[in-house]
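The residues making up each chain are set out below.
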Amino acid sequence: MSRIVGALRRTFGIVRDHVGTDNFGNKYYIIPEQKTWTGRLVRAKRMVEAANPTEFEYLEGNIPMEWDAWIRGRRKVPPSIEELLKNETYRKQIKLKAKESEERDLALLAKEYEEGLVATPAKTLAAGHAASSSFGKKEISEEPTSTANDFQPGSWMPNPKK
């Protein structure tokens, strides 16, 4: 029976089995292992049919990492819906905890600044590095300066070389 099915697959093209769909609408397929007419074994392939097939509209993160791991062969079984939902809620919890932790750290830092336990960061306007010879000196530009209202073509001449 499997030889007949294999012959039909070879005759009518590649048959792919639908494995699952993610929350973005991407559909995941597996092309089962099969033999060619010469008897050579072609290993199974995994593929995704994007919900948004135009390449220029693809954004990073359009494929969940669980499905990406399955496509790349890092996991043997495709992810279940329960696993996807569990991982999504876990990621949301981690983001919420990180935000709360950052807010606590900022509040603690503000309190330490207020009480004088930590010196406030110095605000400097100096450009460049203090070890350079031109530190603190205003740079003279050799570029032409003009406005569009009074510019005359050919009126600017470069500075003579010293």
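What you see is a predicted model; the values in this text were computed from it and never measured.

### Regarding the pairing of strand S1 (residues 17-21)
Now for step 1: Here four bridges tie S1 to strand S2 (residues 27-31), and the two strands are oriented antiparallel to one another. The partner of histidine 18 across the bridge, within S2, is tyrosine 29.

### With respect to the sheet that holds S1
In any sheet, the strands associate via hydrogen bonds between backbone groups, in a parallel or an antiparallel arrangement.
Now for step 1: Pairing is antiparallel across the open sheet formed by three strands, whose spatial order is S1-S2-S5. Looking at the sheet topology across the chains shown, the edges are occupied by S1 and strand S5 (45-49). Averaged over all adjacent pairs, the angle separating strand axes in this sheet is 25°, with direction ignored.
Now for step 2: Relative to S5, S2 is paired through five bridges, and the arrangement is antiparallel. Looking at S5, one finds that tyrosine 28 is bridged to valine 48.

### Examining the confidence of the model for the protein chain
Now for step 1: Summarising the model, the protein chain shows a mean pLDDT of 79, and 69% of its residues fall at 70 or more.
Now for step 2: Put simply, helix H1 (residues 2-12) is where the protein chain has its lowest mean pLDDT, 64, and helix H3 (residues 81-115) is where it has its highest, 93.

### Describing the packing of aromatic side chains
Now for step 1: Scanning the model with the defined rule gives two aromatic pairs in all.
Now for step 2: Summarising the aromatic geometry, the rings of tyrosine 28 and tryptophan 67 are spaced 4.0 Å apart at their centres and angled 5° between planes, so their arrangement reads as stacked. Of the two residues, tyrosine 28 is situated in strand S2 and tryptophan 67 in helix H2 (residues 65-71); the sequence distance between them amounts to 39 residues. There is no split in this pair, since tyrosine 28 and tryptophan 67 are both buried.
Now for step 3: With centroids separated by 5.7 Å and ring planes inclined at 85°, the aromatic side chains of tryptophan 67 and tryptophan 70 adopt a geometry described as edge-to-face. Placement of the pair is tryptophan 67 and tryptophan 70 together in helix H2, with a separation of three residues, close to one helical turn.

### A word on the pattern of salt bridges
Now for step 1: In the structure shown here, the tally under the stated rule is six salt bridges.
Now for step 2: Among the salt bridges present, the one from arginine 91 reaches glutamate 66, with a minimum N-O distance of 3.4 Å. Within this pair, whereas arginine 91 is found in helix H3, its partner glutamate 66 is found in helix H2, the two being separated by 25 residues in sequence.
Now for step 3: Using a relative accessible area of 27% as the deciding quantity, one classes arginine 91 as partly exposed.

Quick notes on the rules
- For every chain, the first residue of its written sequence is number 1, and the numbers climb from 1 along that sequence.
- The predicted nature of this model means local features are confined to residues of pLDDT at least 70 and side-chain atom pairs, given and counted, to a pLDDT of 80 or more, with totals for whole chains, interfaces and linings taken over all residues.
- Excluding hydrogens and water, the side-chain figures rest on all heavy atoms present in the structure.
- A pair of strands is considered paired only if DSSP assigns at least 2 bridges between the two.
- Every helix listed is a DSSP run of H or I at least four residues long, and every strand listed is a run of E at least two residues long, numbered separately from the N terminus.
- Fitted lines through C-alpha atoms serve as axes, helices being fitted only where they are in contact, and the angles separating the N-to-C directions of these axes extend from 0 to 180 degrees.
- Confidence scores per residue from the predictor, reported as pLDDT, run from 0 to 100.
- A pair of Phe, Tyr and Trp rings is counted when the ring centres sit within 6.5 Å of each other, with Trp represented by its six-membered ring. The angle between the planes then sorts it: under 30 degrees is stacked, over 60 is edge-to-face, the rest tilted.
- Buried, partly exposed and exposed residues are distinguished by accessible area as a fraction of the type maximum, computed with a 1.4 Å probe on protein chains only: under 20%, between the cut-offs, and over 50%, respectively.
- Only one rule defines a salt bridge in this text: a Lys or Arg side-chain nitrogen within 4 Å of an Asp or Glu carboxyl oxygen.

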